[in-house]
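Examination of the molecular architecture
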Amino acid sequence: MTHHTRATALAGALLAVAALLTAGPAQAATREARADTWLFLTVTKGSARTGAVRGTLLRCDPPGPHARATEACAELGAAGGDIGRIPAENVFCPMIYAPVTARALGRWNGRTVTFRETYTSACVMKARTRHVFAFDD
């Protein structure tokens, strides 16, 4: 995680805390639950040590800034926040070995989420994780 990414995540957390401090008790509880649901997602092409890394933040209430946040949040919601439980799409992927590693770190409804999986290709990753790691669309 880069310094800029950490600073952005810290700034977001500080804004959430400031919002909680200015809200009433009922609003604070609702905002706290929303603020405790976020994932930082990355996809690394090729070798984890030398490959190009892309990443984004996924929030679900409101959905953003992930390009397909609405779809990704719906899929994660149906899977209880467990990326491994998202039903795979039935698609044909060419048998070309071009590995990608998908990672997710964050919180889902107060529960810590840590996910890391290496797929044989971006096509296989998309079939297995649907819109969660489709943030370049």
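The notes below deal with the structure included here.

Calculation criteria
- Residues numbered from 1 in each chain as written.
- Predicted model: local features only at pLDDT ≥ 70, side-chain atom pairs only at ≥ 80, totals over all residues.
- Heavy atoms only, no water.
- Helix = DSSP H or I, 4+ residues; strand = E, 2+ residues; numbered from the N terminus.
- Buried < 20%, exposed > 50% of the residue type's maximum accessible area, 1.4 Å probe, protein only.
- Contact = heavy atoms within 4.5 Å.
- Areas by Shrake-Rupley, 256 points an atom, 1.4 Å probe, with all protein chains shown as cover.
- Lys, Arg positive; Asp, Glu negative; His and termini not counted.
- Salt bridge = Lys/Arg side-chain N within 4 Å of Asp/Glu carboxyl O.
- Pairing = 2+ DSSP bridges.
- Axes fitted to C-alpha atoms, helices over the stretch in contact; angles between N-to-C directions.
- Disulfide = S-S within 2.5 Å.

This brings us to the overall build of the protein chain. Across its full length, the protein chain carries four helices and five strands. For the protein chain, the N- to C-terminal ordering of α and β elements is α-α-β-β-β-α-β-β-α. Buried positions account for 32% of the 137 residues belonging to the protein chain. Sequence-distant contacts in the protein chain: of pairs separated by 6 or more residues, those separated by 24 or more amount to 54%. As presented, the protein chain carries roughly 8400 Å² of accessible surface, and 59% of it is formed by carbon and sulfur atoms.

Inspection of the secondary structure assignment puts Glu-75 in helix α3 (residues 69-78). Of the side chains with opposite charge, Arg-130 lies nearest to the buried Glu-75, which makes no salt bridge, at 4.0 Å. Beyond its immediate sequence surroundings of up to four residues, Glu-75 is in contact with Ile-86, Thr-129, Arg-130, His-131 and Val-132.

Turning next to the sheet that holds strand β3 (residues 63-65). As summarised here, the arrangement of the five strands in space is β3-β2-β1-β4-β5, forming an open sheet in which the pairing is antiparallel. Bordering the open sheet on either side are β3 and β5 (111-119), each of which pairs with just one other strand. Ignoring strand direction, the axes of neighbouring strands in this sheet form an average angle of 15°. Against the sheet, α3 engages β1 (38-45), β2 (53-60), β3 and β4 (100-108), with an angle of about 70° to β2.

Scanning the entire structure with this criterion turns up two disulfides. One disulfide bridge connects Cys-60 with Cys-73, the sulfur atoms lying 1.9 Å from each other. Torsion about the S-S bond of the Cys-60 and Cys-73 cystine: about -90°, corresponding to left-handed handedness. Here Cys-73 lies in helix α3 and Cys-60 lies in strand β2, a separation of 13 residues in the sequence. A sulfur-sulfur separation of 2.0 Å characterises the disulfide bridge that pairs Cys-93 with Cys-123.

The final tally for this structure, using the stated rule, is one salt bridge. In this structure, Glu-71 and Arg-68 form a salt bridge, with 3.2 Å as the shortest nitrogen-oxygen distance. On the basis of relative accessibility, which here comes to 25%, the residue Arg-68 falls in the partly exposed class.

Inspection of the secondary structure assignment puts Asn-90 in the loop between α3 and β4. Owing to a relative accessible area of 81%, Asn-90 belongs among the exposed residues under this scheme. For the pair formed by Asn-90 and Arg-128, sequence separation is 38 residues and the distance between their alpha carbons is 9.0 Å.

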